[in-house]
Amino acid sequence: MAPTGQQVDEGKIQMNDHFFQNIEPIQYRYYNPKQKILGKTMEEHLRISVCAWHTFCWEGPDMFGQPLFHRPWMKSPEEKIKALFEFIQKLGVKYFTFHDVDLAPAGVSLEKITDLIGEEMKRTGIELLWGTANLTGHPRYMAGAMTNPDPAVFAVAAAQVKAAIDATHRLKGHNYVLWNGRDGYETLLNTDLRQEMDQYGRFLSLLVDYKHKIGFKGALLIEPKPREPMKHQYDFDCATTSAFLRKYGLEKEFQFNIESNHATLAGHTFSHEIAYALANDAFGSLDANDGDLLLGWDTDQFPMDLSQYTHGLYLILQHGGFKTGGCNLDAKVRRQSIDLQDLFYGHINGIETLAKALLHAAALIEKNDLQSFMKKRYEHWHSGLGQDILHKKMNFEQIANYVQTHRLDPKPHSGRQEMLEGMLNL
Ligand code: XUL
Ligand code: CO
């Protein structure tokens with residue numbers, strides 16, 4: 001059994017500098033992990049995590065250009081793991097996330113790699129926010145993993161996810177994530193939509209059964225994304241995925257991992273997706289990044305949009321904050337940022353944005369102006385007519401009679417959007 005971060009004695013944490021020897025542990029302007037805000041430390045609120053795939057695995061190719069990041073750790077999984085943990089220690093955050101293939105590519109035993117990761121977790125005190133399986137890269141998944149027309153591909157995907165959740169469980173991961181980028185379709189001319197949705201539903205039920213069987217205590221999260229690489233996705237956004245989960249009776253078993261850039265690709269704001277998940281008791285975690293609204297794809301930039309994160313964290317804090325989830329920096333440097341120090345600038349910017357947004361969001365909660373405006377706006381639903389309607393004491397005819405007998409002629413009220421925007425930003 002691999003040891004994990006939770007058992008670490010903080011006094012025994014060692015720094016093993018190798019790849020980033022000339023970089024001192026980062027001191028931030030806003031991120032102060034031990035600072036208390038609304039009864040919890042910043043570290044406990046934000047639960048910031050660094051992902052293994054972008055910085056440690058991605059070599060920087062694009063549609064027209066070759067790979068150009070030749071990082072010193074890319075030669076072996078062992079070096080990647082070393083670099084990942086050294087980097088996170090320099091940043092001074094507490095969590096990481098990984099896909100099976102990030103650290104255990106084809107031909108490398110995930111079990112052996114899990115042992116190695118466990119040793120690094122023990123040495124550093126860093127914990128696993130979530131693990132996942134990459135079900136998009138391998139050619140066998142060309143026509144989807146669980147929604148593939150061939151049941152043999154479904155079976156291989158099931159075996160892969162079983163191994164990935166086993167590894168996540170051994171490493172005491174706080175969540176297990178599914179993002180199934182090819183489980184959608186390009187054309188209905190070759191796609192049986194009902195059949196594919198039934199397959200996907202079946203796969204998720206199998207995963208739920210297995211999770212309970214092994215006693216995995218973390219949450220199962222789905223990460224909606226509307227397109228890219230496929231044109232239509234079965235998990236387009238939180239609302240579409242909620243309907244899908246309800247159809248298969250799975251809505252109590254999954255929460256959402258909401259990614260800012262995925263929300264905007266779906267034509268929503270990040271706050272909309274967060275609010276929708278919270279309103280349906282399905283909020284789990286965040287993949288914190290920014291998209292470029294002028295480009296039509298998932299650019300995964302470091303989070304810099306302060307007002308978007310202020311609003312998002314304000315909504316989350318109002319609902320009691322993160323439980324098993326956190327803020328995973330699912331972000332990468334631009335292709336021209338070729339130096340190792342650029343990796344630090346990107347992550348530092350993201351962490352500072354989250355910290356500053358948390359401070360703003362907490363100040364908004366303390367001031368209470370936005371909440372009291374909202375409360376007042378709906379106050380009539382909390383007594384008399386409003387309560388009678390909501391609690392089924394009136395039918396359509398009785399409501400119509402009420403309108404007549406009370407000569408109801410409601411007057412419009414300002415929504416005060418500009419005043420509220422000022423409260424959020426100033
Ligand atoms: C893809 C994406 C993934 C998931 C994990 O757009 O965001 O990296 O976060 O599979
Ligand atoms: Co993501």
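Coordinates for the structure precede this section.
Note that the structure is predicted; figures quoted are calculated from it, not measured.

A.B. asks: Help me out: how do you make sense of the packing of helix 8 (residues 238-247) against helix 10 (residues 270-279) in this one?
C.D. replies: When two helices pack together, their arrangement is given by the angle between the helix axes and by the axis-to-axis distance. Two elements in contact, helix 8 and helix 10, have axes whose closest approach is 9 Å; the angle formed by their N-to-C orientations is 30°. Put simply, helix 8 runs roughly parallel to helix 10. Facing helix 8, whose interface residues are Cys238, Ala239 and Ser242, helix 10 presents Glu273, Tyr276 and Ala277.

A.B. asks: What exactly am I supposed to notice about the layout of surface pockets here?
C.D. replies: A water-sized probe rolled over the atoms picks out the places where empty space is left. Approximately 1400 Å³ is the volume found for the largest pocket. Residue lining of the largest pocket: 38 residues in total, with Trp58, Glu228, Asp298, Asp300 and Lys332 positioned closest to the centre. Contributions of two or more residues to the lining of the largest pocket are made by helix 2 (52-57) and strand 5 (127-132). In terms of residues, the lining of the largest pocket owes the most to one element, helix 2, which gives three residues. Considering only residue class, the lining of the largest pocket consists of 13 nonpolar, ten polar and 15 charged.

A.B. asks: Would you take a moment to explain the coordination of the cobalt ion (ligand 2) for this structure?
C.D. replies: Four donors placed tetrahedrally about a metal ideally form angles of 109.5 degrees, and six donors placed octahedrally ideally form angles of 90 or 180 degrees. For the cobalt ion (ligand 2), the protein coordination sphere consists of Glu223 (OE), Glu259 (OE), Asp287 (OD) and Asp330 (OD), at 1.9 to 2.2 Å. Every donor counted, the six donor atoms about the cobalt ion (ligand 2) form angles of 79 to 171° at the centre, which fits octahedral coordination. Summarised as a motif, the one-chain spacing of the donors to the cobalt ion (ligand 2) is E-x35-E-x27-D-x42-D. Residue Glu259 is located in strand 10 (residues 254-259), and its partner Asp287 is located in strand 11 (residues 283-287); the two are separated by 28 residues in the primary sequence. With a relative accessible area of 1%, Glu259 lands in the buried category. Judged by relative accessible area, Asp287 falls into the buried class, the value being 0%.

A.B. asks: Is there a simple way to think about the site of ligand 1 in this case?
C.D. replies: Taken together, Trp53, His99, Trp130, Trp179, Glu223, Lys225, Glu259, His262, Asp287, Asp298 and Asp330 make up the full set of residues near ligand 1. Glu223 is positioned with one of its side-chain polar atoms (N or O) 2.7 Å from an oxygen atom of ligand 1. Between ligand 1 and Asp330, the relevant distance is 2.8 Å, taken from an oxygen atom to a side-chain nitrogen or oxygen of the residue. Burial of ligand 1 by the surrounding chains reaches 93%, relative to a free accessible area of 290 Å². With respect to the detected pockets, ligand 1 is housed in the largest pocket. Partitioned by chemical class, the residues of the shell around ligand 1 number three nonpolar, two polar and six charged.

Definitions and limits used
Residues numbered from 1 in each chain as written. Chains lettered and ligands numbered in written order. Predicted model: local features only at pLDDT ≥ 70, side-chain atom pairs only at ≥ 80, totals over all residues. Heavy atoms only, no water. Axes fitted to C-alpha atoms, helices over the stretch in contact; angles between N-to-C directions. Helix = DSSP H or I, 4+ residues; strand = E, 2+ residues; numbered from the N terminus. Parallel < 35°, antiparallel > 145°, perpendicular 65-115°, else oblique. Contact = heavy atoms within 4.5 Å. 1 Å grid on protein atoms, 1.4 Å probe; cavity = no way out; pocket = protein on both sides within 12 Å on 5 of 7 lines; lining within 4 Å. Points joined across faces, edges and corners; volume = space filled by probe spheres on them. Nonpolar A, V, L, I, M, F, W, Y, C, P; charged D, E, K, R; others polar. Donors = N, O, S within 2.8 Å, 3.2 Å for Na, K, Ca; no water. Tetrahedral: all angles 85-135°; square planar, octahedral: opposite > 155°, others 65-115°. Buried < 20%, exposed > 50% of the residue type's maximum accessible area, 1.4 Å probe, protein only. Near = heavy atom within 4 Å. Polar contact = N/O pair within 3.5 Å; in protein donor to acceptor, adjacent residues only side chain to side chain. Areas by Shrake-Rupley, 256 points an atom, 1.4 Å probe, with all protein chains shown as cover. Sits in = over half its atoms within 2 Å of the grid points.

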